[in-house]
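Survey of secondary and tertiary structure
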Amino acid sequence: MAAVARDEAGKFMGASAVIVEGVLDPEIAEAMACREGFALASDLAVQKIRLATDCVNVVRSVPGTGMGPYGHIVQEISAIRQSFAVT
């Protein structure tokens, strides 16, 4: 999975990539990629973030409290999300 950070003008700010073996569920992989996006933003000391993903189930899971197959990842995302102005 990978994350790419760009500013409002589209200028490249940084990127990260993580190799995870054994993750076969696409939603779990997408949740992990979202978590990596927040980690990248944190590493870059970004204050305002807009995270883009094409997995509506992950997006719907973040504000909830469900503990589905990737609930622990969603909890991590929810916790780190508090430190950003998410748009």
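The protein chain has the name RNase H type-1 domain-containing protein in an unreviewed UniProt entry, where Eragrostis curvula is given as its organism.

1. A closer look at the packing of helix H1 (residues 26-43) against helix H3 (residues 71-81)
Between H1 and H3, the shortest axis-to-axis distance is 9 Å and the interhelical angle comes to 25°. With respect to each other, H1 and H3 are oriented roughly parallel. Helix-helix and strand crossings are classified by hand; for H1 and H3 the assignment is left-handed. Contacts between H1 and H3 involve Ile28, Ala31, Met32, Cys34, Arg35, Phe38, Ala39 and Ser42 from the former and Ile73, Glu76, Ile77, Ile80 and Arg81 from the latter. Here the contact of H1 with H3 is composed, by residue class, of nine nonpolar, one polar and three charged.

2. As for the pairing of strand E2 (residues 12-17)
Across five bridges, strand E1 (residues 2-6) lies against E2 in antiparallel orientation. The residue of E2 that forms the bridge with Ala5 is Gly14. What sits between E1 and E2 in their antiparallel hairpin is a turn of five residues, with Gly10 showing a positive phi close to 90°.

3. Section: the environment of Arg81
Along the chain, Arg81 turns up in helix H3. Residue Arg81 is classed as partly exposed on the basis of its relative accessible area of 30%. Each C-alpha atom, one on Arg81 and one on Ser16, is 18 Å from the other, the two residues being 65 residues apart in sequence.

4. As for unusual backbone geometry
Within the chain, Ala45 stands out as a residue other than glycine whose phi angle is a positive 60°. On the secondary structure map, Ala45 appears in the loop between H1 and strand E3 (48-49).

5. Details of the pattern of salt bridges
In this structure the tally under the stated criterion is one salt bridge. Across the salt bridge formed by Glu76 and Arg35, the nearest N and O atoms sit 3.2 Å from each other. Of the two residues, Glu76 is situated in helix H3 and Arg35 in helix H1; the sequence distance between them amounts to 41 residues. Since its relative accessible area comes to 40%, Glu76 is described here as partly exposed.

Calculation rules
- Counting restarts for each chain: residues are numbered from 1 in the order of the written sequence.
- For a predicted model such as this one, the threshold for reporting local features is a pLDDT of at least 70, and the threshold for listing and counting side-chain atom pairs is 80 or more; totals across whole chains, interfaces and linings nevertheless cover every residue.
- No hydrogens and no water enter the side-chain calculation; it runs on all heavy atoms of the structure.
- In this analysis, axes come from line fits to C-alpha atoms, helices being fitted only over the stretch in contact, and the angle between any two N-to-C directions falls in the range 0 to 180 degrees.
- Elements are defined by DSSP. Helices are runs of H or I of four residues or more, strands are runs of E of two residues or more, and each kind is numbered from the N terminus.
- Angle categories: roughly parallel below 35 degrees, roughly antiparallel above 145, roughly perpendicular from 65 to 115, and oblique for all the rest.
- Note on convention: near helix rotated counterclockwise from far helix by under a right angle means a left-handed crossing. Clockwise means right-handed.
- We call two residues in contact when some of their heavy atoms are within 4.5 Å.
- Polarity classes work like this: nonpolar for Ala, Val, Leu, Ile, Met, Phe, Trp, Tyr, Cys and Pro, charged for Asp, Glu, Lys and Arg, and polar for all others, with Gly in that last group.
- Two strands are said to pair when DSSP picks up at least two bridges between them.
- Only protein chains enter the accessibility calculation, which uses a 1.4 Å probe; a residue is then buried when its area is under 20% of its type maximum, exposed when over 50%, and partly exposed in between.
- The term salt bridge refers to a pairing of a side-chain nitrogen on Lys or Arg with a carboxyl oxygen on Asp or Glu at a separation within 4 Å.

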